[in-house]
Amino acid sequence: MKKEDPLLHTLEPRRFRIICAYDGTHYFGWQTQPGFVTLQETIEQVLAGIVKAKKVDIHSSGRTDHGVHARGQVFHVDLQTRMTERSLKMALNAQGRLPPDIRVTSCKEVSKTFHARFDAKRKEYRYYVWNTRILPPDKRLYHAHIVHRLDIEAMRKAMAHFIGEHDFKAFAANPNRPIDSTVRTIYAFTVVKRGSRICFRVQGSGFLYKMVRSLVGYLLRVGSGKESGDSIPKMLEPGNPRTARVPSAPAQGLYLWQVWYE
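All figures in this text were calculated on a predicted structure; none of them were measured in a lab.

Conventions adopted
Along each chain, residue indices are assigned from 1 in the same order as the chain's sequence is written. Per-residue local features of the predicted model are confined to residues with pLDDT of at least 70, and side-chain atom pairs are confined, for both listing and counting, to 80 or more; whole-chain, interface and lining totals are unaffected and use all residues. Side-chain figures throughout are based on the complete set of non-hydrogen atoms in the structure, without hydrogens or water. Helix and strand labels come from DSSP, where a helix needs a run of H or I of at least four residues and a strand needs a run of E of at least two; each type is numbered from the N terminus. Just to be clear, the radius of gyration here is over C-alpha atoms, and the globule rule we use is 2.2 Å times residues to the power 0.38. For this analysis, residues touch if any pair of their heavy atoms sits within 4.5 Å. Counted as positive: Lys and Arg. Counted as negative: Asp and Glu, with His and the chain ends omitted from the count. Charge coordinates come from a single atom per side chain, which is NZ of Lys, CZ of Arg, CG of Asp or CD of Glu. Under the pairing criterion, centres of Phe, Tyr and Trp rings, with the six-membered ring standing for Trp, must be within 6.5 Å; the plane angle then separates stacked pairs below 30 degrees from edge-to-face pairs above 60, leaving the rest tilted. Summary of the burial criterion: residues with accessible area below 20% of their type's maximum are buried, those above 50% are exposed, and those between are partly exposed, where the area comes from a 1.4 Å probe applied to protein chains only. Any N or O atom pair separated by 3.5 Å or less is treated as a polar contact, with the protein-specific requirement of one donor-capable and one acceptor-capable atom, and with residues adjacent in sequence counted only for side-chain atom pairs. Basic side-chain nitrogens of Lys or Arg form a salt bridge, by our definition, when they fall within 4 Å of a carboxyl oxygen of Asp or Glu. Method remark: on a 1 Å grid restricted to protein atoms, a set of points is classed as a cavity if a 1.4 Å probe fits but cannot get out and as a pocket if it is open with protein on both sides within 12 Å along at least five of seven lines; lining residues have an atom within 4 Å of a point. Grid points are joined across faces, edges and corners, and a volume is the space filled by probe spheres set on the points. Each residue receives one of three labels: charged for Asp, Glu, Lys and Arg, nonpolar for Ala, Val, Leu, Ile, Met, Phe, Trp, Tyr, Cys and Pro, and polar for the others, Gly being one of them. In this text, buried Ala, Val, Leu, Ile, Met, Phe, Trp, Tyr and Cys residues form a nonpolar core when linked through side-chain atoms within 4.5 Å. Only C-alpha atoms enter the line fits that serve as axes; for helices the fit covers just the stretch in contact. Angles between N-to-C directions range over 0 to 180 degrees. An angle below 35 degrees is read as roughly parallel, one above 145 as roughly antiparallel, one from 65 to 115 as roughly perpendicular, and any other as oblique. When the near helix sits turned anticlockwise from the far one by under a right angle, the crossing is termed left-handed; a clockwise turn instead gives a right-handed crossing.

Novice: Go over the overall build of the chain, please, and point to the residues and values.
Specialist: The helix and strand tally for the chain stands at five helices and ten strands. A globule of 262 residues ought to have a C-alpha radius of gyration of about 18 Å, and the chain, at 20 Å, matches this closely. By principal-axis analysis of the C-alpha atoms, the chain measures approximately 65 × 40 × 35 Å. Across the chain, every contact between residues at least 6 apart in sequence was considered, and the portion connecting residues at least 24 apart equals 72%. Here the chain contributes 42 positive and 24 negative side-chain charges, whose respective centroids are spaced 5 Å apart.

Here it is as structure tokens:
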């Protein structure tokens, strides 16, 4: 059993803002769930070992689902430790600590009033599609695979309807928990095709459960000629429910790219 350092109780807790990147393939999402290996639990256990505490609780900017990746997930944590920002970052990334599919890219001590979720001002997600007949094996865990040709211009025209403040209830899944509002603001939405790779890039004030995958899922139907982008304004009318017309794009193409706090 891990021995707790008795001197920890004499130290004032310090809050750290930590940015991590991860490959979500082998995790059952971010949030701790009994009986499953999750990113949150994995990081908490490693942190507890580093600072010799029985338990550590981390608070993220948001949850990601099973198979979803991140380049810029942010979480905060209160630790009773004398370690510097640099030494804590190095300890987390040391061989034998965090698994190789999780890496800490930044560690900063912040005010105790900082909150990774509630202080976030803007988030960016990116979604990748491999659009050709054959999917290279090394791309299969990080892209959705679409064989037929997609109309990029039709998708660009359609996504313009999403920009601004709207009720995105029709483009979100039920999170099985109470939420205050389904209104969100999209600041920018672009799609770029380079060779076989298509990148959807969306920035917003925040996102509902499976909202990005739903937006992309519908745009892929537009690009396939199965739906018209002109139907989007009607779907964004307040209170409109989600229907079978809005599929969720596969999880493996999605990345939480960056979170801004200013």
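Novice: I'd love a proper account of the packing of aromatic side chains, names of residues and values included.
Specialist: One pass over the full model with this rule turns up twelve aromatic pairs. Here W30 and F75 contribute two aromatic rings whose centre-to-centre distance is 6.2 Å and whose plane-to-plane angle is 40°, an arrangement assigned as tilted. Within this pair, whereas W30 is found in the loop between β1 (14–22) and α1 (39–51), its partner F75 is found in strand β3 (residues 69–79), the two being separated by 45 residues in sequence. Neither residue differs from the other here; W30 and F75 are each classed as buried. Ring centres of Y125 and F207 lie 5.2 Å apart, and the angle between their planes is 85°; this geometry places the pair in the edge-to-face category. With Y125 in strand β5 (residues 122–130) and F207 in the loop between β9 (197–204) and α4 (211–223), the pair connects residues that are 82 residues apart, well separated along the chain. Pair check on accessibility: Y125 and F207 agree, each one buried. Cluster of aromatic residues (ring-pair linked, three or more members): F162, F168, F171, F189 and Y218.

Novice: Can you lay out the side chain of H76 for me, pointing to particular residues and giving the numbers?
Specialist: Here H76 shows up in strand β3. Residue H76 is classed as buried on the basis of its relative accessible area of 2%. A polar side-chain atom of H76 sits 3.1 Å from the main-chain amide nitrogen of A116. Ignoring sequence-local partners within four residues, the contact set of H76 consists of R15, F16, D57, I58, H59, F114, H115 and A116.

Novice: Provide a residue-level description of the pattern of salt bridges, including the pertinent values.
Specialist: Applying the stated rule across the entire model yields twelve salt bridges. When the shortest N-O distance is used, the salt bridge between E12 and K112 registers 2.7 Å. Placement of the pair is E12 in the segment before β1 and K112 in the loop between β4 (102–110) and β5, with a sequence separation of 100 residues. Where K55 meets D57, a salt bridge forms, and the shortest distance between an N and an O atom there is 2.4 Å. One network of salt bridges, with partners in common, ties together E124, R126 and R201.

Novice: Kindly report on the layout of surface pockets, identifying the contributing residues and their values.
Specialist: Looking at the largest pocket, its volume works out to about 1,400 Å³. G62, R63, R177, F207 and Y209 are the residues nearest the centre of the largest pocket, which is lined by 45 residues in total. Residue assignment for the lining of the largest pocket shows that the elements contributing at least two residues are β2 (58–60), β5 and α4. Here the lining of the largest pocket is built from residues that sort into 19 nonpolar, 15 polar and eleven charged.

Novice: Summarise the nonpolar core; cite the residues concerned and give the values.
Specialist: If you look at the biggest cluster of nonpolar residues, it comprises 74 residues, and the most contacted ones within it are L47, L88, F162, F171 and F200. In terms of residue count, the dominant contributor to this core is α4 (eight residues).

Novice: Lay out the packing of α1 against helix α2 (residues 85–93) in plain terms, naming residues and giving numbers.
Specialist: Where α1 contacts α2, the axes come no closer than 10 Å and their chain directions differ by 125°. Classified by the interaxial angle, the pair formed by α1 and α2 is oblique. Crossing of α1 against α2: the hand is right-handed. Contact residues: V46, L47 and I50 in α1; L88, A91 and L92 in α2.

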